[in-house]
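# Examination of the molecular architecture
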Amino acid sequence: MSDHPIEAHVRFDTHPAHTSAVTATLTGTHRRAAQALLAARGFQNLDEHTMVLARIDHEEPYWAHQATHALHAEGITTEITPRLREAIDEEWTWANYPMHWLTRAEVREVSNAAQTIYDDIRHGRLIIHAHAHDGWTTVAIGTYLDGGVVALHGENHLRSIADRLESPAQALASFQRLHGDGVRPRPAPMTDIEQQTAQARTSLRSPDTTQAPAAPHDERVPSYAADLGDHEALLNDFLTENNDWEKYRTWSDDTTHAIHESQTLRIERVHEAHPRETAWTIAAYETPRLRPHVAPHRDRHHPGARAPDPAASPRRG
């Protein structure tokens, strides 16, 4: 500890609206010295006396505790509330963590590396040129301001540098060849965790959910920025609102067909399609199809039963 204590005091506490974020309340004549030390350790100013540490790896209590050691070394007094102390002492692990062979300390190192990448992107030190989805997670190509080109793999606390490259042009060309039409410019849309973290850095309150919901409206967004939505609900709502369509299930239960009464329109919905495969097919025919191609259905309990012929089915309603 410094031989010359600084007239500053920092009180650390849990964030009131975020499960793992930490707040720091600064008082004293020389609180700006404490503010500078905390800023270097990831804390962000919320107002003149309050700073927030919000990370995508949910390790805020650990890093806040490390920050207290740095403050003590400079002669700044600190206080840790009982509930934050409990969070610091808590032993926890990520559910279904893919690198299960790592120790808790090694997991924290991996998460901190992902946090560093996230902070570099957020503060403009790492410029993301393009991103794509490889069927499992998000991948991207970016350039550091110092000139280093990197290929990124993963999201949130699992994002990592998969490769370091020489030429941005060659890296982008290779990325385009590998991912084709799935390549999109700029960083990927924020994940839910990134959105929650951003909210915690800017407010001590939970997002306001008491206001009356806005009237529903259609919003056009690029396809890569849209969320997955509820496809099953979409199909069911469509059939409920359009009585001139009938739904038929195939024998495998993997696919549903919806057929218009005119027999000239058909929708095919694959329920668990691979991300790179077609989930929806909408077909139109010039003339009625007397026997639309619907795979025969065999009931699991009655092997001889078959689905009704759509061409002979009566209209609903």
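How each quantity is defined
- Residues numbered from 1 in each chain as written.
- Predicted model: local features only at pLDDT ≥ 70, side-chain atom pairs only at ≥ 80, totals over all residues.
- Heavy atoms only, no water.
- Helix = DSSP H or I, 4+ residues; strand = E, 2+ residues; numbered from the N terminus.
- Buried < 20%, exposed > 50% of the residue type's maximum accessible area, 1.4 Å probe, protein only.
- Contact = heavy atoms within 4.5 Å.
- Areas by Shrake-Rupley, 256 points an atom, 1.4 Å probe, with all protein chains shown as cover.
- Phe/Tyr/Trp six-rings, centres within 6.5 Å; stacked < 30°, edge-to-face > 60°.
- Lys NZ or Arg CZ within 6 Å of the ring centre and 35° of its normal.
- Pairing = 2+ DSSP bridges.
- Axes fitted to C-alpha atoms, helices over the stretch in contact; angles between N-to-C directions.
- Expected span 1.5 Å × (residues − 1).
- Arc of directions from axis to C-beta.
- Core = buried A, V, L, I, M, F, W, Y, C linked by side-chain atoms within 4.5 Å.
- Salt bridge = Lys/Arg side-chain N within 4 Å of Asp/Glu carboxyl O.

### Focus on the overall build of the protein chain
Looking only at helices and strands, the protein chain has 7 helices and 14 strands in total. A burial count over the protein chain gives 34% of its 317 residues as buried. A fraction of 52% describes how many contacts in the protein chain between residues 6 or more apart in sequence connect residues 24 or more apart. Counting only carbon and sulfur atoms, one obtains 52% of the accessible surface of the protein chain, whose full area is about 20,000 Å².

### Describing the packing of aromatic side chains
What the rule picks out here adds up to 3 aromatic pairs. The ring centre of Trp-92 lies 4.5 Å from the NZ or CZ of Arg-104, which sits over that ring. The side chain of Arg-108 reaches across the aromatic face of Tyr-62, ending 3.8 Å from its centre.

### Side note on the side chain of Thr-23
Assignment of secondary structure puts Thr-23 in strand β2 (residues 22-27). Excluding residues within four positions of it along the chain, Thr-23 makes contact with Arg-11, Phe-12, Asp-13, Thr-14, His-15, Pro-16, Met-51, Val-52 and Leu-204.

### Side note on the pairing of strand β9 (residues 160-165)
As judged from the 5 bridges shared by strand β8 (residues 149-153) and β9, these two strands associate in the antiparallel manner. Considered in β9, the bridge of Ala-151 is made with Asp-163. As consecutive antiparallel partners, β8 and β9 are separated by 6 residues, and within that stretch Gly-154 has a phi angle of approximately 100 degrees, a positive value.

### Some points on the sheet that holds strand β3 (residues 44-47)
Read from one edge of the open sheet, 5 strands run β3-β4-β2-β1-β5, paired in mixed fashion. Each edge of the open sheet carries a strand with a single partner, namely β3 and β5 (77-80). Mean inter-strand twist for the sheet, computed between neighbouring axes without regard to direction, equals 25 degrees. Alignment of β2 against strand β4 (residues 50-53), held across 4 bridges, turns out to be antiparallel. Bridging from a neighbouring strand, Ala-24 pairs with Met-51 of β4.

### Digging into the environment of Asp-146
Assignment of secondary structure puts Asp-146 in the loop between β7 (138-144) and β8. Asp-146 gets classed as exposed once you look at its relative accessible area, which sits at 69%. Considering only alpha carbons, one finds Asp-146 and Arg-125, 21 residues apart in sequence, at a separation of 8.4 Å.

### Concerning helix α5 (residues 168-179)
Compared with the 16 Å implied by 1.5 Å per residue over 12 residues, the 16 Å span of α5 between its first and last C-alpha is a close match. Looking at α5, one finds that the buried residues are Ala-171, Phe-175 and His-179. Within α5, the buried residues cover an arc of 45 degrees as seen down the axis, which keeps them to one side. Summarising the geometry of α5, the exposed residues directed more than 90 degrees from the buried face are Ala-169, Gln-170 and Arg-177. On its buried face, α5 is in contact with β6 (126-133), β7, β8 and β9. Trailing α5 by a residue or two, Gly-180 shows a phi angle of about 55 degrees, which is positive.

### Topic: the nonpolar core
Formed by 17 residues in total, the largest nonpolar core has its most connected members in Val-10, Phe-12, Ala-24, Leu-38 and Phe-43. Elements that contribute at least two residues to this core include exactly β1 (9-14), β2, α1 (31-39), β4, α2 (60-73) and α3 (82-89). Among residues more than four places away in sequence, those in contact with Leu-38 are Val-10, Phe-12, Ala-24, Leu-26, Phe-43, Met-51, Ala-67 and Leu-71.

### A word on the pattern of salt bridges
Taken as a whole and assessed by the stated rule, the structure comprises 11 salt bridges. A salt bridge links Asp-13 to Arg-83; the nearest nitrogen and oxygen atoms lie 2.8 Å apart. Here Asp-13 is found in strand β1, whereas its partner Arg-83 is found in helix α3, with 70 residues between them in sequence. The class for Asp-13 is buried, based on a relative accessible area of 7%. Two residues, Arg-125 and Asp-120, come together in a salt bridge whose shortest N-O distance is 2.8 Å. Looking at Arg-125, the relative accessible area reads 39%, which means it is partly exposed. Of the residues examined, Asp-120 reaches a relative accessible area of 9% and is grouped as buried.

### Quick look at the sheet that holds β6
In sheet architecture, strand pairing relies on hydrogen bonds along the backbone and comes in two forms, parallel and antiparallel. With antiparallel pairing, 5 strands are arranged side by side in an open sheet as β9-β8-β7-β6-β10. Sheet topology places β9 and β10 (184-185) at the edges, where each strand pairs with a single neighbour. Taken strand by strand, helix α4 (residues 104-122) contacts β6, β7, β8 and β9, and its axis lies near 115 degrees from that of β6. Packed onto the sheet, α5 meets β6, β7, β8 and β9 and runs at close to 170 degrees relative to β7.

### Concerning the side chain of Thr-81
Tracing the backbone through its elements, the reader meets Thr-81 in the loop between β5 and α3. Apart from the residues lying within four places of it in its own chain, the contact partners of Thr-81 are Arg-11, Phe-12, Asp-13 and Thr-14.

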